[in-house]
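What follows is the residue order along each chain.
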Amino acid sequence: MKDLIMEMEEYAKDNNVPIIEKKSIAYIMKLIKKQNIKNILEIGSAIGYSAILMASCDNDINVTTIERDEVRYMECLKNVKKANMQDRINVVYQDALDINLVDVSYDLIFIDAAKGQYTNFFEKFKFFLKPGGIIISDNLKFHGYVGNKDEIESKNLRQLVGKLENYIDFLKNNDEFDTEFIDIGDGLSISIRKDDNV
Ligand code: SAH
Ligand code: MG
């Protein structure tokens, strides 16, 4: 297992795959154990690094993870097999915004895909969250660009960062969820659905 994790870290580095930072996944794993989280939905598998680490928190955790890039999807399947987690990690090859989920609900939804689509992912998948469930998003600092938009020369990048800033405002002003922003790694947000009875 340790070897596989190191192998994936090396592959990610060599192939420019933006896997989560170690400190961030460590934080998420601690939260999974503490909150006794069992059913996880991940948007953005890449090569399966975060999915495998989340599933490794306990033997009865199930992860569904969605990836739209074929090469990464294939690599993810390979790694899930190597981890011997094919019974617990379901890798779906599709664009998350096109997917139809029915009759499922999750304790945790981890948003880690196209940064310009975070609000859309949140609004689509919040309906598949159990009461009291948690939505975590990664890369809210976007390598320090968030909050420093004026210094960015590329128009595309500036737009993307603008969308992440809008997402942060969306979370801050969201009445259904309480959000905490954690300054760890590339920036995490932890959004907890408020109790319906309050
Ligand atoms: N969670 C992974 C890293 C994911 S990187 C880890 O930490 O190990 C982000 C991935 O999201 C990329 O592989 C990209 O192809 C995928 N992605 C981006 N937009 C997507 C979408 N709309 N649907 C599915 N996958 C998407
Ligand atoms: Mg990430």
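Scroll up to find the structure.
The numbering scheme is per chain: residues are counted from 1 as the chain's sequence reads. Chain letters and ligand numbers both follow the written order, the letters beginning at A and the numbers at 1. Two thresholds apply to this predicted model, a pLDDT of at least 70 for residue-level local features and 80 or more for giving and counting side-chain atom pairs, whereas whole-chain, interface and lining totals are computed over all residues. Only hydrogens and water are set aside; all other atoms, that is, all heavy atoms of the structure, feed into the side-chain values.

## Things to note about the overall build of the protein
Line of reasoning, step 1. Per the convention used, a helix needs a DSSP run of H or I reaching at least four residues, while a strand needs a run of E reaching at least two, with both numbered from the N terminus. Helix and strand content of the protein: six helices and seven strands.
Line of reasoning, step 2. Traced from its N-terminal end to its C-terminal end, the protein shows the element sequence α-α-β-α-β-α-β-β-α-β-α-β-β.
Line of reasoning, step 3. The size measure is the radius of gyration over C-alpha atoms, and the globule rule it meets is 2.2 Å times the number of residues to the 0.38 power. The globule rule puts the C-alpha radius of gyration for 198 residues at 16 Å, and the 16 Å found for the protein is close to it.
Line of reasoning, step 4. Counting only C-alpha atoms and orienting by the principal axes, one finds that the protein spans roughly 45 × 45 × 30 Å.
Line of reasoning, step 5. Partly exposed describes any residue whose relative accessible area lies between the buried limit of under 20% and the exposed limit of over 50%, with all areas from a 1.4 Å probe on protein chains only and scaled to the type maximum. Classification of the 198 residues of the protein by burial places 49% in the buried group.
Line of reasoning, step 6. Every residue pair with non-hydrogen atoms within 4.5 Å of one another is taken to be in contact. When contacts within the protein are restricted to residue pairs at least 6 apart in sequence, long-range pairs at least 24 apart make up 66% of them.
Line of reasoning, step 7. The protein carries 26 positive and 34 negative side-chain charges, and their two centres are separated by 2 Å. Under the convention used here, Asp and Glu are negative, Lys and Arg are positive, and both His and the chain ends fall outside the count. The atoms used to mark charge sites are NZ of Lys, CZ of Arg, CG of Asp and CD of Glu.

## A look at the environment of D95
Line of reasoning, step 1. By secondary structure assignment, the location of D95 is in the loop between strand 3 (89-93) and strand 4 (106-111).
Line of reasoning, step 2. Since its relative accessible area comes to 24%, D95 is described here as partly exposed.
Line of reasoning, step 3. Between the C-alpha atoms of D95 and S154, which are 59 residues apart in sequence, the distance is 26 Å.
Line of reasoning, step 4. A distance of 3.4 Å separates the side chain of D95 from the side chain of R68, its partner in a polar contact. Throughout this description, a polar contact denotes any pair of N or O atoms lying within 3.5 Å of each other; where both atoms belong to protein, one of them has to be capable of donating a hydrogen while the other can accept it, and for residues adjacent in sequence the pair is counted only when both atoms sit in side chains.

## Regarding the coordination of the magnesium ion (ligand 2)
Line of reasoning, step 1. Around the magnesium ion (ligand 2), the donor atoms from the protein are D112 (OD), D138 (OD) and N139 (OD1), and they sit 2.1 to 2.2 Å away.
Line of reasoning, step 2. Metal sites are built from N, O and S donor atoms within 2.8 Å, or 3.2 Å for Na, K and Ca, and they leave out water, so they may look incomplete. Donor residues for the magnesium ion (ligand 2), ordered by position in the chain, follow D-x25-D-N. Each of the two residues, D138 as well as N139, counts as buried.

## Some points on helix 5 (residues 118-125)
Line of reasoning, step 1. Of all the residues in helix 5, the buried ones are Y118, F121, F122 and F125. Taken around the axis of helix 5, the buried residues stretch over an arc of 100°, which confines them to a single face. It is the directions from the helix axis to the C-beta atoms that the arc portrays.

## Focus: the site of ligand 1
Line of reasoning, step 1. Residue proximity to a molecule or strand is established when one non-hydrogen atom of the residue lies within 4 Å of it. Looking at ligand 1, there are 21 residues lining it, with G44, S50, E67, A96 and D112 nearest.
Line of reasoning, step 2. Between ligand 1 and the protein, one listed contact pairs a nitrogen atom with a backbone N or O atom of G44 at 2.8 Å.
Line of reasoning, step 3. Between ligand 1 and A114 there is a distance of 3.3 Å, counted from a nitrogen atom to a backbone nitrogen or oxygen.
Line of reasoning, step 4. Residue assignment for the shell around ligand 1 shows that the elements contributing at least two residues are helix 3 (49-55) and strand 2 (62-67).
Line of reasoning, step 5. When residue character is reported, Ala, Val, Leu, Ile, Met, Phe, Trp, Tyr, Cys and Pro are called nonpolar, Asp, Glu, Lys and Arg charged, and the others, Gly included, polar. A per-class count over the shell around ligand 1 returns ten nonpolar, four polar and seven charged.

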